[in-house]
Amino acid sequence: MNTDNYYFNKCVSACANALSVRVLLVIAPLAIALVWFTGQPISAGESPATARKLSASGQILSLEKITKAAKALKPGEILETELERKHGAYVYEVEILDDKGLVWELKLDAKTGKLIKMEQDD
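Residues numbered from 1 in each chain as written. Predicted model: local features only at pLDDT ≥ 70, side-chain atom pairs only at ≥ 80, totals over all residues. Heavy atoms only, no water.

Undergrad: So what's going on with the packing of aromatic side chains? Which residues, and what values?
TA: Per the stated rule, a full pass over the model turns up 0 aromatic pairs. The ring of Trp 104 carries Lys 74 above its face, with NZ or CZ at 4.1 Å from the centroid. (Phe/Tyr/Trp six-rings, centres within 6.5 Å; stacked < 30°, edge-to-face > 60°. Lys NZ or Arg CZ within 6 Å of the ring centre and 35° of its normal.)

Quick look at the structure:
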């Protein structure tokens, strides 16, 4: 009887491990697809909901307009966009991968889209 319980427990454990791997294999691609199809991720800093409210009220430019402004200044693939409040003003930080494989960080005034600072990221 103990042998039966041992094998039953091993089987349950193996099934649980297989299930957790399957769940991970389903969730990870969905998360990647979400970022891929919705545009650039907004990371730490102000939340996406706050950014939408500020954009809708005209306090900052939309993510689409900031993306265009950033790409006009430094062509390439946008890796990350972050909205932060610094010294009482909103600033977009945009990371761009250029065609040479270099990563650049651009800081743009969130209200006007004007370049504040551009530097090569380490």
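Undergrad: Residues and numbers for the pairing of strand 4 (residues 115–120), please.
TA: As paired strands, strand 3 (residues 103–109) and strand 4 are joined by 5 bridges and run antiparallel to one another. In the sheet register, Lys 107 faces strand 4, and the bridge partner there is Lys 117. What sits between strand 3 and strand 4 in their antiparallel hairpin is a turn of 5 residues, with Gly 113 showing a positive phi close to 85 degrees. (Pairing = 2+ DSSP bridges. Helix = DSSP H or I, 4+ residues; strand = E, 2+ residues; numbered from the N terminus.)

Undergrad: Which residues make up the pattern of salt bridges, and what values do they have?
TA: Evaluated as defined, the whole model comprises 5 salt bridges. The residue Lys 86 makes a salt bridge to Glu 84 at a minimum N-O spacing of 3.4 Å. The exposure class of Lys 86 is partly exposed, given its relative accessible area of 29%. Between Glu 93 and Lys 107 there is a salt bridge, with the nearest N and O atoms lying 3.8 Å from each other. Separated by 14 residues along the polypeptide, Glu 93 in strand 2 (residues 89–97) and Lys 107 in strand 3 bring together distant segments of the chain. Residue classification places Glu 93 among the buried residues on the basis of a relative accessible area of 11%. Residue classification places Lys 107 among the buried positions, given a relative accessible area of 18%. Sharing partners across several salt bridges, the network here consists of Glu 84, Lys 86, Glu 93 and Lys 107. (Salt bridge = Lys/Arg side-chain N within 4 Å of Asp/Glu carboxyl O. Buried < 20%, exposed > 50% of the residue type's maximum accessible area, 1.4 Å probe, protein only.)

Undergrad: Describe the nonpolar core, naming the residues involved and giving the relevant values.
TA: Formed by 16 residues in total, the largest nonpolar core has its most connected members in Ile 60, Leu 83, Tyr 92 and Val 94. Mapped by element, the contributors of at least two residues to this core are helix 2 (48–56), helix 3 (63–73), strand 1 (77–86), strand 2 and strand 3. Broken down by element, the residue count for this core peaks at 4 residues, all from strand 2. Sequence-distant contacts of Ile 60, that is, excluding residues within four places in its chain, are made with Ala 51, Leu 54, Ser 55, Leu 83, Tyr 90, Tyr 92, Ala 110 and Lys 111. (Core = buried A, V, L, I, M, F, W, Y, C linked by side-chain atoms within 4.5 Å. Contact = heavy atoms within 4.5 Å.)

Undergrad: So, helix 3: which residues are in play, and what are the values?
TA: Residues of helix 3 that are buried: Ile 66, Thr 67 and Ala 70. The arc enclosing the buried residues of helix 3, seen along the axis, measures out at 105 degrees, which places them on a common side. Across from the buried face of helix 3, at angles greater than 90 degrees, the exposed residues are Glu 64, Lys 65, Lys 68 and Ala 72. Next to the buried residues of helix 3 lie strand 1, strand 2 and strand 3. (Arc of directions from axis to C-beta.)

Undergrad: Account for the pairing of strand 1, with residues named and values stated.
TA: Direction of pairing for strand 1 relative to strand 2: antiparallel, over a ladder of 9 bridges. In the sheet register, Lys 86 faces strand 2, and the bridge partner there is Ala 89. Where strand 1 hands over to strand 2, the hairpin turn is made up of 2 residues, of which His 87 adopts a positive phi near 55 degrees.

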